[in-house]
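So the chains spell out like this:
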Amino acid sequence: MASKLKIFHKNYIISKRLVRTVHELYPRYIPMTILRHIAGRLSAFIGIYVSTMILSELAIHSPVKPLIIKSIILLFTACILRLINTFLEKKAEVMREFSYEMMDCKNAEKMMNLDYQDIEGDYLRRLRERIDTDNWWGSGIYGAFITMDYIIYQCINVIISAAMSVTVISTLFYQESLLSAVFLISLTMLIIFNTSLQFYYNKKCFVLQDKISSERDNIEDTDLLNEFVDYRCFSDTDIKEAKLYNAEELIYKYLDYGKKFHTYTINRLAKEEGKYYMTGDVFRIISKCLCYLFITIMATISGNAVAIGMVIRYVICIDEMTGSFMALLRDIQSFLKTAKRHDSTFEYLDMRSSMYHGKLPVEKRSDNEYEIEFRNVSFKYPGNNEYSIRNLSLKLHIGEKMAIVGKNGSGKTTMIKLLCRLYDPQEGEILLNGINIRKFDYKEYMQLFSIVFQDFSLFDFSIAENVAISDNYDKERIEECLNLTGFSGHEIDVPCGKKYDENGILLSGGEKQKIAIARALYKDSAFILLDEPTAALDPVAEYEVYSAFNEIAKNKTAVYISHRLSSCRFCKDIIVFDKGKIVQRGNHDTLIKDENSLYYKLWTAQAKYYSTK
Amino acid sequence: MNLIHEKNYNLIRNIIYIARCSFIFDKSIVLTLLIIIPFGIIIPVSDIIFPKIVVELLTTKADVFTILLIIGSISILLTILTGVYRYMLETRESRLTFFIRYFRKKIFLKTLNCKYCISESTEFNTKREAALMVSYYSRSAVQICLHVPTLIIDIACFLLYSSILSTLNIGIMIYLIVSAIIVYMFARQETVCAEHTKEDLAKSKRKFNYVIRQCQSIQMAKDIRIYNMNGWLTIRMRKLLDDLLVIAHIRSKQGYMSQISGAVMDLIRDSIAYICLITMTIKGNIALGDFMLYFGAITGFSNWVVQIIYHIKNLRIYNIDINALRTYLDIPDETNEAEKANNLSLKNGVDIQFEHVSFRYPESSHDIIHDISFHIHSGEHIALVGLNGSGKTTLVKLMTGLYEPQKGSIYINGKDIRTLNRKQIFSAYSVVFQDFMILPATLGENIALKPEHKVDEKRAIDALIHAGLYDDFKRRGITLNSYMTHTISKKGIVLSGGEKQKMMLARALYKNAPFLVLDEPTSALDPLAEKNIYEKYQTICKEKTALFISHRLASTQFSDKIFLLKDGNIIESGTHDELYKANGEYARLYKVQSHYYNTYKEKEGNDYGF
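Residues numbered from 1 in each chain as written. Chains lettered and ligands numbered in written order. Predicted model: local features only at pLDDT ≥ 70, side-chain atom pairs only at ≥ 80, totals over all residues. Heavy atoms only, no water.

With respect to the overall build of chain A
Along its length, chain A carries 22 helices and 10 strands. Here the C-alpha radius of gyration of chain A, 36 Å, is well above what a compact globule of 613 residues would show, namely 25 Å. A principal-axis box enclosing the C-alpha atoms of chain A has dimensions of 120 × 50 × 50 Å. Counting all 613 residues of chain A, 57% fall into the buried class. Sequence separation of 24 or more characterises 77% of the internal contacts of chain A that already satisfy a separation of 6 or more. Counting every atom, chain A has about 26,400 Å² of accessible surface; 56% of that belongs to carbon and sulfur. (Helix = DSSP H or I, 4+ residues; strand = E, 2+ residues; numbered from the N terminus. Rg over C-alpha atoms; globule rule 2.2 N^0.38 Å. Buried < 20%, exposed > 50% of the residue type's maximum accessible area, 1.4 Å probe, protein only. Contact = heavy atoms within 4.5 Å. Areas by Shrake-Rupley, 256 points an atom, 1.4 Å probe, with all protein chains shown as cover.)

Quick look at the environment of A:Ile159
Residue and element names in this part refer to chain A. Relative to the elements of secondary structure, Ile159 occurs in helix 7 (residues 140–175). Assessed through its relative accessible area of 57%, Ile159 is described here as exposed. Remark: the alpha-carbon pair of Ile159 and Ile575, spanning 416 residues in sequence, is separated by 79 Å.

Notes on the nonpolar core
If you look at the biggest cluster of nonpolar residues, it comprises 219 residues, and the most contacted ones within it are A:Phe228, A:Phe234, A:Ile251, B:Phe99, B:Phe354, B:Tyr429 and B:Leu443. Sorting elements by how many residues they give to this core places helix 12 (residues 288–329) of chain B first, with 18 residues. Look past the residues within four positions of B:Tyr429 in its chain and what remains in contact with it is B:Ile352, B:Met399, B:Thr400, B:Ile412, B:Lys511, B:Ala513, B:Phe515 and B:Val517. (Core = buried A, V, L, I, M, F, W, Y, C linked by side-chain atoms within 4.5 Å.)

Details of the sheet that holds strand 10 (residues 569–574) of chain B
Residue and element names in this part refer to chain B. Read from one edge to the other, the open sheet built from six strands follows the order 6-7-8-3-9-10, with strand pairing classed as mixed. The outermost strands of the open sheet, each flanked by one partner alone, are strand 6 (429–432) and strand 10. Recorded for the sheet is a direction-independent mean angle of 15 degrees between the axes of neighbouring strands. Against the sheet, helix 18 (residues 497–511) touches strand 6 and strand 7 (515–519), its axis set at about 175 degrees to strand 6. (Pairing = 2+ DSSP bridges. Axes fitted to C-alpha atoms, helices over the stretch in contact; angles between N-to-C directions.)

Examining the interface of chain A and chain B
Contacts between the two partners involve 174 residues from chain A, matched on the other side by 169 residues from chain B. Summed over both sides, the interface between chain A and chain B buries roughly 16,600 Å², with carbon and sulfur atoms accounting for 65% of that surface. With a closest N to O distance of 3.1 Å, A:Glu241 and B:Arg507 form a salt bridge. Inspection of the chain A/chain B interface yields 35 residue pairs in polar contact (both at pLDDT 80 or more). Considering every element that reaches the side of chain A that touches chain B, the biggest residue donor is helix 12 (residues 259–301) of chain A, with 25 residues. Grouping the constituent residues of the side of chain A that touches chain B by class yields 92 nonpolar, 30 polar and 52 charged. (Buried area = accessible area lost by both parts, 1.4 Å probe. Salt bridge = Lys/Arg side-chain N within 4 Å of Asp/Glu carboxyl O. Polar contact = N/O pair within 3.5 Å; in protein donor to acceptor, adjacent residues only side chain to side chain. Nonpolar A, V, L, I, M, F, W, Y, C, P; charged D, E, K, R; others polar.)

With respect to the pattern of salt bridges
Taken as a whole and judged by the stated rule, the model has 57 salt bridges over all chains. B:Arg475 is the partner of B:Asp472 in a salt bridge, and the nearest nitrogen-oxygen pair spans 2.6 Å. Linking B:Asp472 with B:Arg475, this pair stays in helix 17 (residues 470–475), spanning three residues, or about one helical turn. Classification of B:Arg475 by relative accessible area gives exposed; the value is 61%. In this structure, B:Asp472 and B:Arg476 form a salt bridge, with 3.7 Å as the shortest nitrogen-oxygen distance. A relative accessible area of 37% places B:Arg476 in the partly exposed class. The structure contains a network of salt bridges with shared partners spanning A:Arg36, A:Glu89, A:Arg96 and A:Asp149.

Quick notes on unusual backbone geometry
Residue and element names in this part refer to chain A. Within the chain, Asn246 stands out as a residue other than glycine whose phi angle is a positive 55 degrees. Checked against the element boundaries, Asn246 lands in the loop between helix 10 (239–244) and helix 11 (248–255). Residue classification places Asn246 among the partly exposed positions, given a relative accessible area of 33%. Even without glycine at this site, Asn433 takes up a positive phi of about 45 degrees.

This is the structure we're talking about:
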């Protein structure tokens, strides 16, 4: 009992939050909807009122002229109300149509404000999967908008139809109290039956829906077709391999994986949904028939004390009232369901930053006198047992160029990620001019770094916007930065890629890399870090980048990571990483002397192919 | 040049097409939907019959028993009809979800089965996206299945109401039809406006979606934080949303006229109907019960007209999607090509000859490969070098039959590639590309690219050992039956970039084709791993023809011959020593790259130009 109360309380809180969210997205939506449905329902009931009034008057042969005039005046009012309704409906439609987009904006902003370590984490990945599932079944925020609309409609309909049928209670029901009691009780029973049945089926559907899109524990549960079609596990560049290696048979095998399970569950879901909707319709029609039956009988028994038109009007009104009441309960149910399907979204929007973010401003220095120190830093990636960085101590000397070399997975990139606080180390600390970097304001701290990662990405915006990260840019400086990297041949306002603007051009990997480097230069920060910046470049382009880079990085602290040891040779300070530790440090000439060292091995592995004969 | 022929079938033909497909997909669904049509007609008609009966019962002062009998039996009938109708409709609709799957599968298989040069083009991708629209929100194929029965119901009801009204007054009927046409005209104007703004809307929507996706992508997350793009992107996003809303408001305003005209027409209709019916009742021409029936018919009549217009309008919209679908699905499959010779013998290795081959991408204006001729003898090891964009990968795609040259001929073992069966050409090559395909299958299946029961385990393990992955996998407890990627299993294997590259090598080794092509196989590897591959290269390629593509010229030293590709043509070829001595382009490249590795002393930061 207590747990049920708890669930009820939780549902209540989420529903309230959902209403608030709708209200925040469009403050005018709720009042507008109320107004619109009042107008709409009034207009409809005036129509019923007029037709039934004429019917009664005709039955008692009253004069025609005043009847016609009265009818036309009423019809005209109804027409005006109807126009108000449709006018507001159009407005509401636009709001609803773009509710997804409004919510998308909210989610995207949230995403950009999360800490990087949370983004890569398992928790967020699962949460996002849950959100996708929930949006699919609950039709997202649009579902909330539309169900709220229904609920308001039903409420107003119940109120107006009740008001219009109130006179029937005083006349018919008073005279035929026994029959009326039976009638009212059967209507109430109908409502209760209908609501509990629909509740039952609804719950069943909910469980089945979750089953279809549950976490992937069971291999047979995943319908892989969608993953293939949407290129989530197969990309368009994979086609050539599939062809050359004749992989069709294997792909066919997996295409229909999980089809059996899904067909079975979807068919079950279809049955439950069918029962759910059938219940609603059947009970509605029963209540209507009951209204006709009882009111006609009552009218007959009472010796036609009530005008014929009135009978019809009462039937329609009481029918509308019960119908709407049933629908109202149903819609509240489905709103609860929608709210439950928003639980994941709210959880996402409520995610807090898991990192400590200080407020300390970074001292602005024109002389770039910044010093970075790693002190006994150890780090392992979340969910990983092995340390990627072990007890690392290191100072970055101001204005010097430093190269980091090492095998794959030795912790080179991880070190940079720690430096720019994409992750925080578990042990030890990183200091900027003697102060722990966690204490600095993150945005200001990041102003110190320009980084080009191996897996950098560009937007399909114009080249200039990609370099400047702004809509107002300094054209000359952009061209200067691009020239330094050896980029040429394209206007800077050309979009790179066709996804944003179809007039864009497709750039080669090398050109993209050059733009990414230009972006780092444009930022003009004290530290510049390059992680394998030339992997996609050919020898000539690589040479260009490096020779230009020496020029640019003159008075900056620069760190390179490279597999190509040749490019590091000109650094005074070369650090060799192995298994998360620094194993060697020094310049090329000293490092190469020790023939047992890792550096020697790495160097000779590459150099032996280039030695001049 | 148009690669893909646009298809433009009319609505009827597409309805027949969808009907045929749905019939193949599941016979019961289509039949049920047709069977319940009569139910769909009776239920709404009861709405106007019911009041008539009640009024008649009251005016004739029937006794309670008669009332109970008549209304009771109608009620029971209606309840049953409604129950059956709704249940059937809803269950069939839900089950049609799988009809979408039917088309999605077809769409995917087309990607796999059509010619590679087509499937790679942007035109193909646009067409594919358009075809996939049938399976997204609009779900056009399903909607057609549902709309057609509803349309039949609408038309039947329209005819039924017309016949009721024709007994009353022809004038009213004419008015109803004329007003329906007027409302339709206004509604059409609305659609015309929607057509005009459609492109703007789609454009803004695409831009907006692009930005939203990028903001939320994990791929972008690092760059967004490092360059503090947060504020910039937020502003852009909001601005694009505002653009969208502006267009939407313009569109919605267009609807006012049709709404106003509809309301006015209905006002006039109701007034005329009342006046007419009242006078007729007073004159005694019709009974009170008929008054209700006729009035219901008059107001209901325009509803059916509106419904018919609405459904036809929607069907036409869905028709566009279906045409897009058929345009895409009608792209010929590769296997649809005329049967080709199947007699390529690979016993004595592979011998490749290019004769004046030129190739350009369908959407491009210049040749990427221009008038190239060369000969690779069986057993030769060739290094292909060149700058970015010189056409190295294109050459591989031509050689392997993925592309067809526009000019010139390519021969495998003396046979023109055009006369050969494509599968046979493919069987001659093992290729390691720069981008990797990992399927959500087991490790063994990923190596063999064959279903589990066809995987030769010993060969797969051998391939893993040679690629340098076996020990590491063994340590991590990975077997050939472990699933890869997170798609199927949360515990699936995820490989690093370097491991993927090795995995691709293992795949090529498993296939063991006579011609091995390696396209930059070491770009993601560290020097020691790279050296390892280089050293193995000799053993791997023994008794095979091989082509090694690399930026790193070191790879050229263990090749028999070097091709230097520039601007789509081979400008230098020969051994390393020959080319180095010739002091041409190759020598220049080599010097740039070997510069730092050389042992002579030199001051850093020196100008080392060429």
